[in-house]
Every structure is written in structure tokens, then in C-alpha cells.
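Below are the chains, spelled out letter by letter.
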Amino acid sequence: MSKKEVVSTQKDIRQLRGRVLESSRKAVRDLKRLASEAGEMKVFHELRFRQVGTDPLDLTRPLNFIEQLNQAFTYLVALRAAGYLLENEPMHAPYTLNFGTTRGHDIAAEDGLVVAEVFAATNPNSNRKLKKDMAKVRRSSAPKKFVFYYCVEYPEKAPSAPDVHLVRFKSL
């Protein structure tokens, strides 16, 4: 499913964030109900193998809970990144956010002058994610390249990259 959203204002971002948070609230309600009705291995089984979650942007679309969890955090990073770009690079707005498995950069300015990749991880070096995203934006002809990420446990000093702006969010 292709999920593209175009944001021009902070209000656009707040609306999308609200949808992600609502799907999270629904997931927690459903998880509480499931946990009260089933044994621990049944709960784990349902979370891992069944569609007991929902798409973070579409409450009507069932989704595996683990996938919802991963997507929700990635989407929140993307929305935070879009807010950063609207604040720091407003002349390049609007920005297209390519959620999920949509092709292209995670974020791209309509004028083609800014691209960004985003991720949430326990460690940015897991699966070489930071290096892979830096390589992906480097392949772009856009003059302004960003990688935005969220990691709870990571040293304060981020790697330096003169051609790619690395932005670590400490909160979402």
C-alpha cells in the first residue's frame, strides 16, 4: 500500500501525528483486552502472528502488532523530521512524506532540493542502518541531504558527515 502525505504546515504534521497516536491508543486498549482474556503465550502468539494491530495512519486497516509498533515510531520520527525541515528549510516546502514501503526517499522537498531518510532504532548501528541511510541520501542529486533518527540508548556524539546533516531526536 502506497502511503504518501504532503505537509506544508505544522498543522498538517499535528493532524498526522494525531492519527498515529489514535492508532496507538487503540492498540493499547486491544492489548489490555487480549492480555486479560488469554494466557501469556497466546498473547505473544497473537502479537507475533495475527493482525491484532492497525495501520498507524488508517484505523480501518488491520496490521500485525509488531509491524504497527515499528511503523508508528518510524512515522513519528518522519513527522518530527518534517517539522524540523518546515522550521529550518521553509523555502523548500511542501515536503512529501513517503510512509511504509512507498518508493523514494522518506522525505523529499517538492522543489527537489532536500531529501531525507528517517528511522527509529535501539542503536543506529544495528543492521548498519545509519550508514545505509547516509549512502542512500548521498546517491541523490539534491544539494541538502539529511538523516533523522531516534535512539534511546546511544552516545551523545554522533558521527560527523560533511555532506549529510545528521539529526538525532532525543524525544518524539
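Small disclaimer: the values here were computed from a predicted structure and weren't measured.

Engineer: Tell me about the packing of aromatic side chains, and name the residues and values.
Structural biologist: With the rule as written, the count across this model stands at six aromatic pairs. For the pair Y75 and F99, a centre-to-centre distance of 4.5 Å together with 55° between the ring planes defines the contact as tilted. Pair noted here: Y75 is in helix 3 (residues 65-88) and F99 is in strand 4 (residues 95-99), with a separation of 24 residues, a long-range link. On the basis of relative accessible area, F99 is assigned to the buried category, the value being 3%. Where Y84 meets F146, the ring centres are 6.2 Å apart and the plane angle is 70°; that geometry is what we call edge-to-face. On the criterion of sequence distance, the pair formed by Y84 in helix 3 and F146 in strand 7 (residues 144-150) is long-range, its members being 62 residues apart. Under the relative-accessibility criterion, Y84 is labelled partly exposed at 29%. Taken together, the ring pairs connect Y84, F146, F148 and F169 into an aromatic cluster.

Engineer: Report on the sheet that holds strand 7, specifying residues and quantitative values.
Structural biologist: By way of backbone hydrogen bonds, the strands of a sheet pair with one another, either parallel or antiparallel. Reading across the sheet, the six strands line up as 1-4-5-6-7-8 and stay open at both edges, with mixed pairing between neighbours. A strand with exactly one partner marks an edge of an open sheet, and here the two such strands are strand 1 (3-7) and strand 8 (165-169). When strand polarity is set aside, the average angle formed by the axes of neighbouring strands in this sheet is 20°. Direction of pairing for strand 6 (residues 114-120) relative to strand 7: parallel, over a ladder of seven bridges. The residue bridging E117 from the neighbouring strand is V147, located in strand 7.

Engineer: Before we move on, could you go through the packing of helix 1 (residues 10-37) against helix 2 (residues 40-49) and cite the residues and values that matter?
Structural biologist: At their nearest, the axes of helix 1 and helix 2 sit 8 Å apart, and the two run at 145° to each other. Where helix 1 crosses over helix 2, the two elements pack in a sense that is right-handed. Residue-level contacts link L31, L34 and A35 of helix 1 to V43, E46 and L47 of helix 2. Of the residues in the contact of helix 1 with helix 2, the class split is five nonpolar, no polar and one charged.

Engineer: A description of helix 3 should follow, citing residues and the corresponding values.
Structural biologist: With 24 residues, helix 3 extends 34 Å between its outermost C-alpha atoms, agreeing within 8% with the 34 Å of an ideal straight helix rising 1.5 Å per residue. Where helix 3 begins, the capping side chain belongs to N64, and its oxygen is found 2.8 Å from the backbone nitrogen of I66.

Engineer: Give a detailed account of the pattern of salt bridges, specifying residues and quantitative values.
Structural biologist: Summed over all chains, the structure comprises 13 salt bridges. Where R19 meets E5, a salt bridge forms, and the shortest distance between an N and an O atom there is 3.7 Å. Within this pair, whereas R19 is found in helix 1, its partner E5 is found in strand 1, the two being separated by 14 residues in sequence. Residue E46 is joined to R50 by a salt bridge in which the shortest nitrogen-to-oxygen separation is 3.7 Å. Of the residues examined, E46 reaches a relative accessible area of 12% and is grouped as buried. Here R50 falls in the partly exposed class, since its relative accessible area comes to 43%. Through salt bridges with shared partners, a single network forms among K3, D55 and R61.

Reading the values: the criteria
The written sequence of each chain sets the order in which its residues are numbered from 1. Reporting of local features is limited, given that this is a predicted model, to residues whose pLDDT is at least 70; pairs of side-chain atoms are given and counted only at 80 or more, and all residues count toward the totals for whole chains, interfaces and linings. With hydrogens and water excluded, all non-hydrogen atoms of the structure serve as input to the side-chain values. Centres within 6.5 Å make a pair out of two Phe, Tyr or Trp rings, where for Trp the six-membered ring is used; the pair is then stacked when the planes are under 30 degrees apart, edge-to-face when over 60, and tilted otherwise. What counts as a helix is a DSSP run of H or I of at least four residues, what counts as a strand is a run of E of at least two, and both are numbered from the N terminus. Buried, partly exposed and exposed residues are distinguished by accessible area as a fraction of the type maximum, computed with a 1.4 Å probe on protein chains only: under 20%, between the cut-offs, and over 50%, respectively. If DSSP finds at least two bridges between two strands, the strands pair. Note on method: axes are straight lines fitted to C-alpha atoms, helices fitted across the in-contact stretch only, with angles between N-to-C directions ranging 0 to 180 degrees. Handedness of a helix crossing follows the sense of rotation of the near helix relative to the far helix, less than a right angle counterclockwise being left-handed and clockwise being right-handed. Contacts are assigned to residue pairs with any non-hydrogen atoms lying within 4.5 Å of each other. Residue classes follow a fixed rule: Ala, Val, Leu, Ile, Met, Phe, Trp, Tyr, Cys and Pro count as nonpolar, while Asp, Glu, Lys and Arg count as charged, and any other residue, Gly among them, counts as polar. Here, expected helix span is obtained from the residue count minus one, scaled by 1.5 Å. In the analysis that follows, any N or O atom pair within 3.5 Å is treated as a polar contact, provided that within protein one partner can donate a hydrogen and the other can accept it, and provided that, for residues neighboring in sequence, both atoms belong to side chains. By definition here, a salt bridge exists when the distance from a side-chain nitrogen of Lys or Arg to a carboxyl oxygen of Asp or Glu is within 4 Å.

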